Amino acid sequence: MNTQRAPWAKVFLLAGLCVGLAIVAVGCRPSAQSAAQALSERDLISGPSVTAVAPDGADIHWIAPAGMRGSCRLLEDAAGVVVTVSTSAITGREDVRYTATLSGLSPGRRYWYEVVSGRERAEGTFRTPPAAERGVNP
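Rules of the game
- Residues numbered from 1 in each chain as written.
- Predicted model: local features only at pLDDT ≥ 70, side-chain atom pairs only at ≥ 80, totals over all residues.
- Heavy atoms only, no water.
- Helix = DSSP H or I, 4+ residues; strand = E, 2+ residues; numbered from the N terminus.
- Areas by Shrake-Rupley, 256 points an atom, 1.4 Å probe, with all protein chains shown as cover.
- Pairing = 2+ DSSP bridges.
- Contact = heavy atoms within 4.5 Å.
- Axes fitted to C-alpha atoms, helices over the stretch in contact; angles between N-to-C directions.
- Core = buried A, V, L, I, M, F, W, Y, C linked by side-chain atoms within 4.5 Å.
- Buried < 20%, exposed > 50% of the residue type's maximum accessible area, 1.4 Å probe, protein only.
- Salt bridge = Lys/Arg side-chain N within 4 Å of Asp/Glu carboxyl O.

Quick look at the overall build of the protein
Stage number 1. Regarding its fold elements, the protein presents two helices and seven strands.
Stage number 2. As displayed, the protein offers around 9700 Å² of accessible surface, 58% of which is attributable to carbon and sulfur atoms.

Let's talk about the pairing of strand E4 (residues 82–89)
Stage number 1. Sheet topology places E4 next to strand E5 (residues 95–103); eight bridges connect them, and they run antiparallel. Pairing of threonine 84 across the sheet is with threonine 101, part of E5.
Stage number 2. Connecting the antiparallel pair E4 and E5 is a turn made up of five residues, with glycine 92 showing a positive phi of about 80°.

Focus on the environment of aspartate 59
Stage number 1. Looking at the secondary structure, you find aspartate 59 in strand E2 (residues 57–65).
Stage number 2. Each C-alpha atom, one on aspartate 59 and one on valine 85, is 9.5 Å from the other, the two residues being 26 residues apart in sequence.
Stage number 3. Excluding residues that lie within four positions of it along the chain, aspartate 59 makes contacts with Ser49, Val50, Thr51, Ala52, Thr99, Ala100 and Thr101.

So, the sheet that holds E5
Stage number 1. Across the sheet, which stays open at both edges, the four strands sit in the order E1-E2-E5-E4 with antiparallel pairing between neighbours. Either end of the sheet is taken by a strand with one partner, and the two such strands are strand E1 (46–54) and E4. Strand-to-strand, the axes of this sheet are offset by a mean angle of 20°, without reference to chain direction.

A look at the nonpolar core
Stage number 1. Grouped together as the largest cluster of nonpolar side chains are 19 residues, with contacts concentrated most on Ile60, Trp62, Leu74, Leu102, Leu105 and Phe126.
Stage number 2. Listed by contribution, the elements that provide at least two residues to this core are E2, strand E3 (70–74), E5, strand E6 (110–117) and strand E7 (120–127).

Some details on unusual backbone geometry
Stage number 1. Here the residue pair glycine 47 and proline 48 is connected by a cis peptide bond, since its omega of 5° sits within 30 degrees of zero.
Stage number 2. Counting through the fold element by element, proline 48 comes out in strand E1.
Stage number 3. Of note, alanine 52 is a non-glycine position whose phi angle comes to about 50°, a positive value.
Stage number 4. Within the secondary structure layout, alanine 52 lies in strand E1.
Stage number 5. Looking at alanine 52, the relative accessible area reads 53%, which means it is exposed.

A word on the pattern of salt bridges
Stage number 1. In this structure the tally under the stated criterion is seven salt bridges.
Stage number 2. Residue arginine 119 is joined to aspartate 43 by a salt bridge in which the shortest nitrogen-to-oxygen separation is 3.5 Å. With arginine 119 in the loop between E6 and E7 and aspartate 43 in the loop between helix H2 (32–40) and E1, the pair connects residues that are 76 residues apart, well separated along the chain.
Stage number 3. Between glutamate 114 and arginine 121 there is a salt bridge, with the nearest N and O atoms lying 2.5 Å from each other.
Stage number 4. Through salt bridges with shared partners, one network takes in Arg73, Glu114, Arg121 and Glu123.

Structure (structure tokens):
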């Protein structure tokens, strides 16, 4: 065995191991572009969130890619409740804000809802405030 070659063989082996580990580490770490691409492939980007809750109505909002099919429904008996879904542009973005306006709700009641956007869905809950008492001045 030639003792002069043994140290070089170890150096090459160690260098090859380091290069291999670097390739694996770089390949496993998501780049900013792949992270942005994964986000853009989502059907439900943000939300849902509930606003404008009143004794007889509420608005539910979510953000999804433009052209995505979106819907909202109550997950219980909803006799007399009307759900109207509309969209609006978001300045500087290709995404769209969806708003489901619920009317005909009952005061002082908890409601469970579901938002569907493409292949994704999300559930939530909110409570309407009690009806205001007549003849009481604030």
